[in-house]
Amino acid sequence: QQQVRQSPQSLTVWEGETAILNCSYENSAFDYFPWYQQFPGEGPALLISILSVSDKKEDGRFTIFFNKREKKLSLHIADSQPGDSATYFCAATPQGGRALIFGTGTTVSVSP
Amino acid sequence: DPKIIQKPKYLVAVTGSEKILICEQYLGHNAMYWYRQSAKKPLEFMFSYSYQKLMDNQTASSRFQPQSSKKNHLDLQITALKPDDSATYFCASSHSTSQNTLYFGAGTRLSVL
């Protein structure tokens, strides 16, 4: 049973557009939601995260929108750059939990 | 310089053999983890260690055995290898097991023939 779901599986945007990546979860106990970015041949790296007490978190061109009632969140990548081409993983865990549960990832391609 | 070193980067093994995946972290962290990434599957949590003690084990098979000889080492021994074990295995660390920010190594890509 997949506890964290992501869509779409892949996404292509033009340089300068906003990429929108979706994530949903099932466990109401989840309250920490990091997004990880992974380039080919590398391990995932933390990009941005949000706690369930917030509905929005911004860090430069990256913004998380969080809807606790619907158990959904999204990552918006504004002014997408070719260097943003990577796979993005949504993850979740209860605060202080020991195991991050990852989604299947969204592969983003930014065309110049 | 990479702060989490995994060796080897690529590994080819025959069915039934045994391999050890090496992980060392130089971040001063007290918690270490193993995750597995298979094709078209999410990153799957396997083990967590804190101060060299096993905290969580989500791997059903006893063929997977973590080994911690030092606080900054967490190796993964896999016995009786099967083709289904083919995956990229990632080592990660965090300040503590209650600190959710994980730092990942570059992974060991294992192929079992």
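**Q** How should I be thinking about the overall build of chain A in this particular structure?
**A** Looking only at helices and strands, chain A has 0 helices and 11 strands in total. Compactness check: chain A gives a C-alpha radius of gyration of 13 Å against a globular reference of 13 Å for 112 residues, within 12% of the reference. Buried residues in chain A amount to 46% of all 112 residues. Taking as baseline every contact in chain A between residues at least 6 positions apart, the subset at least 24 positions apart corresponds to 54%. Per element, the accessible surface of chain A, about 5,300 Å² overall, is 47% carbon and sulfur. Mean positive and mean negative side-chain charge positions of chain A (9 and 11 charges, respectively) differ by 12 Å.

**Q** Hey, could you run me through the side chain of S49(A) in this one?
**A** For S49(A), the position within the fold is in strand β5 (residues 45-51). In contact with S49(A), not counting residues within four places along its chain, are Y32(A), F33(A), P34(A), K57(A) and I64(A).

**Q** Teacher, can you tell me more about the interface of chain B and chain A here?
**A** In this assembly, 20 residues from chain B lie in contact with 21 residues from chain A. A combined buried area of about 1,600 Å² lies between chain B and chain A, and 54% of that area is made up of carbon and sulfur atoms. When residues of chain B are sorted by the area they lose upon contact with chain A, P42(B), L43(B) and N100(B) head the list and together hold 33% of the total. Where chain B touches chain A, the interface holds 4 residue pairs in polar contact (both at pLDDT 80 or more). Going through the elements one at a time, β4 (31-37), β5 (44-50) and β6 (53-57) of chain B are the ones with two or more residues in the side of chain B that touches chain A. Counting residues per element, the side of chain B that touches chain A draws most heavily on β4(B), which supplies 3 residues. Partitioned by chemical class, the residues of the side of chain B that touches chain A number 10 nonpolar, 7 polar and 3 charged.

The rules we used
As a convention, each chain's residues are numbered from 1 in the sequence order in which they are written. Throughout, the order in which chains and ligands are written sets their labels, letters from A for the former and numbers from 1 for the latter. Whole-chain, interface and lining totals are the exception, using all residues; otherwise, since this is a predicted model, local features are given only for residues with pLDDT of at least 70 and side-chain atom pairs are given and counted only at 80 or more. Calculated side-chain values reflect all of the structure's heavy atoms, with hydrogen atoms and water omitted. Each helix is a run of DSSP H or I of at least 4 residues and each strand a run of E of at least 2, with the numbering of both proceeding from the N terminus. Based on C-alpha atoms, the radius of gyration is set beside the globule rule, defined as 2.2 Å times the residue count to the power 0.38. Classification of residues uses two cut-offs on accessible area relative to the type maximum, computed with a 1.4 Å probe and protein chains only: under 20% is buried, over 50% is exposed, and between them is partly exposed. Contacts are assigned to residue pairs that have any heavy atoms within 4.5 Å of one another. Per-residue accessibility takes into account occlusion by the displayed protein chains alone, with areas from the Shrake-Rupley method and a 1.4 Å probe. Charge assignment in this entry is limited to Lys and Arg as positive and Asp and Glu as negative, and neither His nor the chain termini are counted. The atoms used to mark charge sites are NZ of Lys, CZ of Arg, CG of Asp and CD of Glu. By definition, the buried area sums, over both parts, the 1.4 Å-probe accessible area that each loses when the two are put together. Two N or O atoms count as a polar contact when they lie within 3.5 Å, although within protein this holds only if one can serve as hydrogen donor and the other as acceptor, and sequence-adjacent residues are included solely when both atoms are side-chain atoms. Each residue gets one label: Ala, Val, Leu, Ile, Met, Phe, Trp, Tyr, Cys and Pro are nonpolar, Asp, Glu, Lys and Arg are charged, and the others, such as Gly, are polar.

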